[in-house]
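# Architecture and fold: a report
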Amino acid sequence: MKEKISAAFAKTFGRAPTVVTRAPGRIEFIGNHTDYNGGPVLGASIDRGVCVAVAPRDDARWRFASDYRGAIGEPLDLPAGEPARQSGNGGWTNYPLGVLAALPAFDLRRPEGFDFLAMSDLPAGSGLSSSAAIELASALAFLELTAQHPDRTTLVQIGKHAENHFVGVPCGILDQGVSGFGKADHLVHIDCRTPSFDTVPLPQGVHFWVFNTHTKHALVDGLYAARHRECMDAAKALGVDLLVQATPGALDAAHDRMTETVHLRARHVIEEIERVRATVHALQFNQLPEVGRLLTASHRSSQKLFENSTPELDFLVDTLTARPDVLGARLSGGGFGGAVMAMTGPDFDRRAANAVVDAYHQRFGACPDVLHMQTGDGAAVL
Ligand code: GLA
């Protein structure tokens, strides 16, 4: 990838990059909407991601190019200084611009001028978190360019800050945390309240398959923000800062103090937090059928309580979990479209995946993309 992006950079900007970085996408293993409620979450960094190449300029210009629309087009040429939000074709630059906007909040300097190229092998909009990948790859590139080396947690927080304050999504720390702390053949376990990060080895012989429906609810950002608000309303009614501090008993006792909808959302989060803890425990003892059961239970809770699933995602989970070679399946990420992740044994192969695709095609007249996912390492300077 380094050679490829360096060659493309030279073609676009007429010189070699001085820094090349890469950050991976992620699978949300379990812990749906637990992160911004202060709960735990498990995710895996995958072997696909976003590469960024940069070289300094001394004319106070920031020039951005990417392969996001296929061919690499004319760079977007902006004055260095205070980042301003972009729209239309240049909308993707809000991720690196958000990172630049965030740096002073962490007492870090922005580069004065640069040429920037991003290249991705992550399907965008598939729930694999291409946004966190470009944020972390950009942050590492800008920091390397200015010889600043904050710790990993700060790097992850810079990405989250960009997303929350510049892009405008009230997400938690899952995506950036997994992209930053990922390790091949491991899951990243995040205690989102602290936040603290560690890794848990993946059991041998387990495979991940991702079925990307390419469906996306038109109001996905608004729906995500609405769920976030409902969770905060529930916490308030319970007299806590974050739902991680509440118990199922406390939620039952407070039923009258919240709407039915808010109660359902809180029940999902509080039970999901328990499921993540149970998953960590089951993984320690290599209880794979139990891990699979928890994954599917998480999906059912998204479907019925959090209501962030869709008929397409439910169909995939139903079809997958009806098979003996599938241990568990669930929607992965924010929901309202996107992808389903299945954890399978070694017997599940391309032919099995095609059977699932055929069934989906018969029902919806479209085919999901199938990725046999490999795990990979976290964000790095190449
Ligand atoms: C998106 C967000 C994450 C997390 C998940 C749901 O991926 O970016 O912070 O909230 O949805 O678990």
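Whatever comes next refers back to the structure up there.
Heads up: these notes are all about the structure in this document. (Residues numbered from 1 in each chain as written. Predicted model: local features only at pLDDT ≥ 70, side-chain atom pairs only at ≥ 80, totals over all residues. Heavy atoms only, no water.)

## Some details on the packing of aromatic side chains
To describe a pair of aromatic rings, one takes the distance between the centres and the angle between the planes. This is how it is decided: Here a pair means two rings of Phe, Tyr or Trp (six-membered ring of Trp) with centres within 6.5 Å. Their orientation is stacked below 30 degrees between planes, edge-to-face above 60, and tilted elsewhere. In DSSP terms, a helix is any run of H or I states spanning at least four residues, a strand is any run of E spanning at least two, and both are numbered starting from the N terminus. Only protein chains enter the accessibility calculation, which uses a 1.4 Å probe; a residue whose area is less than 20% of its type maximum is buried, one above 50% is exposed, and one in between is partly exposed. By the criterion adopted, a ring carries a charge over it if an Arg CZ or a Lys NZ lies within 6 Å of its centre and within 35 degrees of its normal.
A complete count under the given rule lists 17 aromatic pairs for this structure. On the numbers, 4.1 Å between centres and 5° between planes, the contact of Phe 181 with Phe 197 is stacked. Separated by 16 residues along the polypeptide, Phe 181 in helix α5 (residues 174-181) and Phe 197 in strand β7 (residues 196-201) bring together distant segments of the chain. The class of Phe 181 is partly exposed, set by a relative accessible area of 21%. Overall, the relative accessible area of 16% leaves Phe 197 in the buried class. Each ring, one from Phe 315 and one from Tyr 360, has its centre 6.2 Å from the other, and the planes form 65°; the classification is edge-to-face. Here Phe 315, found in helix α10 (residues 311-321), pairs with Tyr 360, found in helix α11 (residues 350-364); they are 45 residues apart in sequence, far enough to count as distant. For Tyr 360, a relative accessible area of 2% corresponds to the buried category. In this structure an aromatic cluster arises from ring pairing among Trp 62, Phe 64, Tyr 68, Trp 92, Phe 114, Phe 116 and Phe 142. Stacked on the ring of Phe 306, the Lys or Arg Arg 227 has its end atom at 5.9 Å from the ring centre.

## Considering the site of the ligand
Quick reminder of the rule: The rule for a residue being near a molecule or strand is that one of its heavy atoms must lie within 4 Å of it. We call two N or O atoms a polar contact when they sit within 3.5 Å, provided that within protein one can donate a hydrogen and the other can accept it, with sequence-adjacent residues counted only if both atoms are side-chain atoms. In these tables, accessible area is a Shrake-Rupley quantity obtained with a 1.4 Å probe, and a residue counts as shielded only by the protein chains included in the view. In this classification, Asp, Glu, Lys and Arg are treated as charged, Ala, Val, Leu, Ile, Met, Phe, Trp, Tyr, Cys and Pro as nonpolar, and every other residue, Gly included, as polar.
In the vicinity of the ligand, 13 residues are found, and the nearest of them are Glu 28, His 33, Asp 35, Asp 175 and Tyr 224. One of the side-chain nitrogen or oxygen atoms of Arg 26 is found 2.9 Å away from an oxygen atom of the ligand. Take Gly 172: an N or O atom from its main chain is 3.0 Å from an oxygen atom of the ligand. Here the ligand loses 92% of its free accessible area of 310 Å² to cover by the protein chains. A per-class count over the shell around the ligand returns 3 nonpolar, 6 polar and 4 charged.

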